[in-house]
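# Examining the three-dimensional arrangement
For reference, the chains in residue letters:
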Amino acid sequence: MLRLTPILLAVLYGLISYRISVWRTHRELDARSTRLADPKLKRLTDQMAAALEVADIPVFIYEVDPVNGLAAPDGRIFITRGFYAKYQAGDVSDAELASVIAHELGHVALGHSKKRIIDFSGQNALRTALMMILGRYIPFVGPWIAGLLANLLAARLSRGDEYEADEYAAALLMKAGIGVEPQKSLFRKLEELTQSRAGMAPAWLMSHPKTEQRIAAIERLEADWAKA
């Protein structure tokens, strides 16, 4: 029983972390967001809503500077103030920003937004358990190895989610009559927009796939659709 104690403690820690993460996320988003009211974007989200056969797609502005979009565990879609500012400055088109909304809708529809919090909690639990176990048998470097293994797992899971959300977004954009060109053109801009240095990191350590890989995946979808 004593040998199982670290694992049981790690599982309990994961459950507690999950509940705290959900509560903190909802509180933060409620306090720092407002409903997006932009006529040009509303026209495009209405096209996507019609394609999905729903009345409306509510989108919110999250008042933070980094360029990003996100899907909350409760299904709400958020665009950061920093991203919206790029759109207002003309660095991003309305169709490109609509592709971000479509991508985040993919995370919601495919259950990624809830799974990510669960995964995060599970990864914390796994990291804690590995640190306890490896720390006992491999002093000093054991906790470092545990953290590395947990991070590699998290990056792989996240990249898989991104490809799936890209595919969902591409299908939705095509059905809505917007097309996938804005999605691909945005990918080409993302590193500059986010001031990313991701190109300097190994692909297997990145939480998002590389730009050229994401574009190639969408072009394969286009080729398959053309054959059909």
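Above this text sits the structure in question.
The following paragraphs examine the structure supplied in this document. Along each chain, numbering runs from 1 in the same order as the chain's sequence is written. Predicted model: local features are reported for residues with pLDDT of at least 70 only, side-chain atom pairs are reported and counted for 80 or more only, and whole-chain, interface and lining totals are derived from all residues. Values reported for side chains reflect all heavy atoms of the structure, with hydrogen atoms and water molecules removed beforehand.

## A closer look at the packing of aromatic side chains
A pair of aromatic rings is counted whenever rings of Phe, Tyr or Trp (Trp by its six-membered ring) have centres within 6.5 Å, and the orientation is called stacked for planes under 30 degrees apart, edge-to-face for over 60 and tilted otherwise. This structure, assessed with the given rule, holds three aromatic pairs. Ring centres of Tyr84 and Tyr87 lie 5.5 Å apart, and the angle between their planes is 40°; this geometry places the pair in the tilted category. Residue Tyr84 and its partner Tyr87 are located together in helix α3 (residues 81–88), separated by three residues, close to a single helical turn. A 1.4 Å probe rolled over the protein chains alone gives each residue an accessible area, and that area as a share of the maximum for its type sets the label: buried under 20%, exposed over 50%, partly exposed in between. Look at Tyr84 and you get buried, because its relative accessible area is 8%. Overall, Tyr87 belongs to the buried group, its relative accessible area being 9%. Three or more aromatic residues link up through ring pairs in this structure, and these residues are Phe60, Tyr62 and Phe78. In this scheme, Lys NZ or Arg CZ marks a charge over a ring once it lies within 6 Å of the ring centre and within 35 degrees of the ring normal. Above the face of the Phe60 ring, Arg35 is positioned so that its terminal group lies 6.0 Å from the ring centre. The ring of Phe60 has Arg76 lying over it, and the distance from NZ or CZ to the ring centre is 5.8 Å. Numbering of helices and strands runs from the N terminus; a helix is a DSSP stretch of H or I covering at least four residues, while a strand is a stretch of E covering at least two.

## Observations concerning unusual backbone geometry
Generally, phi is negative for residues other than glycine and the peptide bonds are trans, each holding for most cases. The phi angle at Glu53 is positive, at roughly 60°, despite the residue not being glycine. Mapping Glu53 onto the fold places it in the loop between α2 (39–52) and β2 (59–62). By relative accessible area, which is 72% here, Glu53 ends up exposed.

## Topic: the packing of α2 against helix α4 (residues 94–109)
Interaxial angle, 0 to 180 degrees, is taken between N-to-C directions of lines fitted to C-alpha atoms, where a helix line uses only the stretch in contact. The geometry of α2 relative to α4 is characterised by a closest axis approach of 9 Å and an angle of 40° between their N-to-C directions. Classified by the interaxial angle, the pair formed by α2 and α4 is oblique. Handedness of the α2/α4 crossing: right-handed. Residues Lys40, Leu41, Arg43, Leu44, Thr45, Met48 and Leu52 of α2 lie in contact with α4, whose contacting residues are Asp94, Ala95, Leu97, Ala98, Ile101, Ala102 and Leu105. Throughout this entry, Asp, Glu, Lys and Arg are counted as charged residues, while Ala, Val, Leu, Ile, Met, Phe, Trp, Tyr, Cys and Pro are counted as nonpolar. The remaining residues, Gly among them, count as polar. Grouping the constituent residues of the contact of α2 with α4 by class yields ten nonpolar, one polar and three charged. Roughly parallel covers angles under 35 degrees, roughly antiparallel covers those over 145, roughly perpendicular covers 65 to 115, and oblique covers all other angles. Handedness of a crossing follows from how the near helix is turned relative to the far one, being left-handed for an anticlockwise turn of less than a right angle and right-handed for a clockwise one. Note on definitions: a residue-residue contact is assigned when non-hydrogen atoms from the two residues lie within 4.5 Å.

## With respect to the nonpolar core
Among the buried residues, those of types Ala, Val, Leu, Ile, Met, Phe, Trp, Tyr and Cys that are joined through side-chain atoms within 4.5 Å form a nonpolar core. Among the nonpolar cores identified, the biggest contains 31 residues, and Met48, Ile79, Phe83, Leu97 and Ile101 are the most heavily contacted of them. Only α2, β2, β4 (77–80), α3, α4, α6 (142–175) and α7 (181–193) provide two or more residues apiece to this core. Sort the elements by how many residues they give to this core and α4 lands first, with seven residues. Sequence-distant contacts of Ile79, defined by excluding residues within four places in its chain, comprise Val59, Phe60, Ile61, Tyr62, Asn68, Gly69, Tyr84, Leu97, Val100 and Ile101.

## Observations concerning the pattern of salt bridges
Salt bridges are defined as contacts in which a side-chain nitrogen from Lys or Arg sits within 4 Å of a carboxyl oxygen from Asp or Glu. This structure, assessed with the given rule, holds 13 salt bridges. Here Arg214 ties to Glu162 by a salt bridge, and the two come within 3.7 Å at their closest N and O atoms. You can see Arg214 sitting in helix α8 (residues 211–227) and its partner Glu162 sitting in helix α6, a full 52 residues away along the chain. Its salt-bridge partner being Lys184, residue Glu219 comes within 3.7 Å of it at the nearest N-O pair. Linking Glu219 in helix α8 with Lys184 in helix α7, this pair joins segments that are 35 residues apart in sequence.

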